[in-house]
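In case you want the letters, here they are:
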Amino acid sequence: MKAIVLAGGGGTRLWPVSTQNKPKQLHKLIGDTSLLEGTIQRIRPVFGDENIIIATGASHGDAVASSFAGSNIRVIIEPQRRDTLGAIGVAVALIAREDPNESFVVINSDAHVLDVEEYRSVLKKLESIVNTFSDQLLLVGLRPSHPETGYGYIEFGEPVSVGEHVVHRVKQFKEKPDLDTAKDYLRSGNFLWNPTMVSGTAKKFLNSVCKYEPEVYRSLSRLIDAEDFDASLEEAFEQMPRQTVDYGVLERETDMLVLPAEFGWTDIGNPMVHIM
């Protein structure tokens, strides 16, 4: 399994500390390492450097690349901002060049995790679940600890057993709620916070992009077939429309699974979120 670490962004959240040239994930906001370095430290024992791909932007790509110089971590520098579907899609295209049946998980680099061991345990579960349900996308949903208005939510349905693991069918996504609605979600017990931790096989993800966002897929397919991946990035991004993975794929996909989890996750930089 590959880890796709998103380290782009325009530096608009947490401004003026966070800027376009140095967004929040490059700052030491918690502890003595940057948020990005902390993310890599958390996932290294699970994936190893050779299975980590960082997708980042041109404005701070050199800084990210220099942070991991000498490692086997692959850094993709996006020549233009094309939002999360483009960032994830390009990394998945790189994976598909080697093996379209390879699995992956998307990890944001601007989050804080309290229970690192449980977090790693959840990441280790994903590969076996994806291998069992290779024709579906899998999400990680976080059990809410309080009625949070700063996150989107996933409503889940009936359970599905995968060996010793239990996942659920995704019923629908909900945008960031007001406080009363968030309290209703918490009371119902059928809603999870959505950290956009997407998992699946490269083939399944690309098939979904092809179905829902064919123009994005055309750019990605050029990268898959290109003789030189890096040399083809500029042209691919020029022709790629801008879209988020949530609106472009996830909210249009009709058959997805979600793995409920709880490891003390906080989105750093969201002014509406209560840091626990």
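Summarised in this report is the structure supplied together with it. (Residues numbered from 1 in each chain as written. Predicted model: local features only at pLDDT ≥ 70, side-chain atom pairs only at ≥ 80, totals over all residues. Heavy atoms only, no water.)

1. A short note on helix α7 (residues 214–225)
In step 1: Along its 12 residues, α7 runs 16 Å from first to last C-alpha, staying within 8% of the 16 Å computed at 1.5 Å per residue.
In step 2: Where α7 is concerned, the buried positions are V216, S219, L220, S221 and L223. (Helix = DSSP H or I, 4+ residues; strand = E, 2+ residues; numbered from the N terminus. Expected span 1.5 Å × (residues − 1). Buried < 20%, exposed > 50% of the residue type's maximum accessible area, 1.4 Å probe, protein only.)

2. Thoughts on the environment of Y185
In step 1: Structurally, Y185 can be placed in helix α5 (residues 179–188).
In step 2: Separated by 32 residues in sequence, Y185 and Y153 place their C-alpha atoms 8.5 Å apart.
In step 3: Residues contacting Y185, with those up to four places away along its chain left out, are Y153, K174, P177, N190 and F191. (Contact = heavy atoms within 4.5 Å.)

3. Digging into unusual backbone geometry
In step 1: With a phi close to 65°, D83 is a non-glycine residue in the positive phi region.
In step 2: Within the secondary structure layout, D83 lies in helix α3 (residues 83–98).
In step 3: Since its relative accessible area comes to 29%, D83 is described here as partly exposed.
In step 4: Non-glycine residue T196 carries a positive phi angle of around 55°.
In step 5: Tracing the sequence through the fold places T196 in strand β9 (residues 191–201).
In step 6: Look at T196 and you get buried, because its relative accessible area is 17%.

4. Here we look at the packing of helix α1 (residues 35–47) against helix α4 (residues 116–132)
In step 1: Contact geometry of α1 with α4 gives a least axis separation of 10 Å together with a crossing angle of 45°. Classed by the angle they form, the pair α1 and α4 counts as oblique. As for the relative orientation of α1 and α4, their crossing is right-handed in sense. Every residue of α4 that contacts α1 at Q41, R42, I43, P45, V46 and F47 is listed here: V116, Y119, R120, L123 and K124.
In step 2: Each residue belonging to the contact of α1 with α4 can be placed in one class, and the counts come to seven nonpolar, one polar and three charged. (Axes fitted to C-alpha atoms, helices over the stretch in contact; angles between N-to-C directions. Parallel < 35°, antiparallel > 145°, perpendicular 65-115°, else oblique. Left-handed = near helix turned anticlockwise from the far one by under 90°. Nonpolar A, V, L, I, M, F, W, Y, C, P; charged D, E, K, R; others polar.)

5. Examining empty space enclosed by the protein
Left-over empty space is what a probe sized like a water molecule reveals as it rolls over the atoms.
In step 1: What the rule picks out here adds up to one cavity of 30 Å³ or more.
In step 2: Space inside the largest cavity adds up to approximately 60 Å³.
In step 3: The wall of the largest cavity is formed by R42, I107, N108, A111, V113, Y119, P195, M197 and W265.
In step 4: Broken down by secondary-structure element, the contributors of at least two residues to the lining of the largest cavity are β4 (103–108), β5 (111–113) and β9. (1 Å grid on protein atoms, 1.4 Å probe; cavity = no way out; pocket = protein on both sides within 12 Å on 5 of 7 lines; lining within 4 Å. Points joined across faces, edges and corners; volume = space filled by probe spheres on them.)

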